Amino acid sequence: MSKFAPKEPIELAPPKDDAFTRAQLAEYDGASRPQRYISIKGTVFDVTRNEAAYGPGTKYSALVGRDASRPLGKSSLKPEDTDLSVSHLTNDFTERQHKVLDDWFSFFVQR
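Residues numbered from 1 in each chain as written. Predicted model: local features only at pLDDT ≥ 70, side-chain atom pairs only at ≥ 80, totals over all residues. Heavy atoms only, no water.

## Description of the pairing of strand E2 (residues 43-46)
Short version of the rule: Pairing between strands requires that DSSP locate at least two bridges from one strand to the other. Helical segments are the DSSP runs of H or I of at least four residues, strand segments are the runs of E of at least two, and each set is numbered from the N terminus.
As paired elements, strand E1 (residues 37-40) and E2 share four bridges and run antiparallel to each other. Pairing of Tyr 37 across the sheet is with Asp 46, part of E2. What sits between the antiparallel neighbours E1 and E2 is a turn of two residues, in which Lys 41 has the positive phi angle 55 degrees.

## Considering the environment of His 88
Test applied: What qualifies as a polar contact is a pair of N or O atoms within 3.5 Å, subject to a donor-acceptor requirement within protein and to the restriction that residues adjacent in sequence count only when both atoms come from side chains.
The residue His 88 is located in the loop between helix H4 (79-82) and helix H5 (95-110) in this model. Taking the C-alpha atoms as reference, His 88 lies 8.0 Å from Ile 40; in sequence the two are 48 residues apart. Engagement of the side chain of His 88 in a polar contact is seen with the side chain of Arg 22, the distance being 3.0 Å.

## Focus on the side chain of Arg 70
Note the following rule: Only protein chains enter the accessibility calculation, which uses a 1.4 Å probe; a residue whose area is less than 20% of its type maximum is buried, one above 50% is exposed, and one in between is partly exposed. Residues count as neighbours in contact if any of their non-hydrogen atoms are within 4.5 Å of one another.
Looking at the element boundaries, Arg 70 is found in helix H3 (residues 69-74). When its relative accessible area of 10% is taken as the criterion, Arg 70 is described as buried. In this structure the side chain of Arg 70 is engaged in a polar contact, spanning 3.0 Å, whose partner is the backbone oxygen of Leu 89. Contacts of Arg 70, omitting those with residues within four sequence positions, involve Asp 81, Val 86, Ser 87, Leu 89, Thr 90, Asp 92 and Phe 93.

## Focus on the pattern of salt bridges
Which entries qualify depends on this criterion: In what follows, salt bridge is the name for a side-chain nitrogen of Lys or Arg lying within 4 Å of a carboxyl oxygen of Asp or Glu.
Under the criterion given, the structure shown has seven salt bridges. Among the salt bridges present, the one from Arg 70 reaches Asp 81, with a minimum N-O distance of 3.4 Å. Of the two residues, Arg 70 sits in helix H3 while Asp 81 sits in helix H4, which places them eleven residues apart along the sequence. The exposure class assigned to Asp 81 is buried, which follows from its relative accessible area of 4%. Residues Asp 103 and Lys 99 are paired through a salt bridge, measuring 2.7 Å at the closest nitrogen-oxygen approach. One end of the pair, Asp 103, and the other, Lys 99, are both in helix H5, four residues apart, so they sit about a helical turn from each other. Judged by its relative accessible area of 14%, Asp 103 is buried. Exposure remark for Lys 99: the relative accessible area of 49% places this residue in the partly exposed category. Counted as one network, the salt bridges with shared partners bring together Arg 70, Lys 74, Asp 81 and Asp 92.

So, in structure tokens, the structure goes:
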């Protein structure tokens, strides 16, 4: 089990098989469409059912509608990491940051 397991179980839909561009993913921010998606390492996950974590004004709402690889790997919700233009970039990650990102990815895939 991932070390990122929440205290209360979370139900997530299986990863999406459809290919998304970053522009298409941005449409699933909960405002443009009712569904909320995030991407991790290029795999898209529907987080709509987890309103408590990904709904408007929540802690992780800054990750919705984008590839959240950078903020998750850096454990950062800072605007410079969640910005759509950089949130997918991991080329400057340390080995530890890649490990953190891999742990998050495993957590989402196991749901």
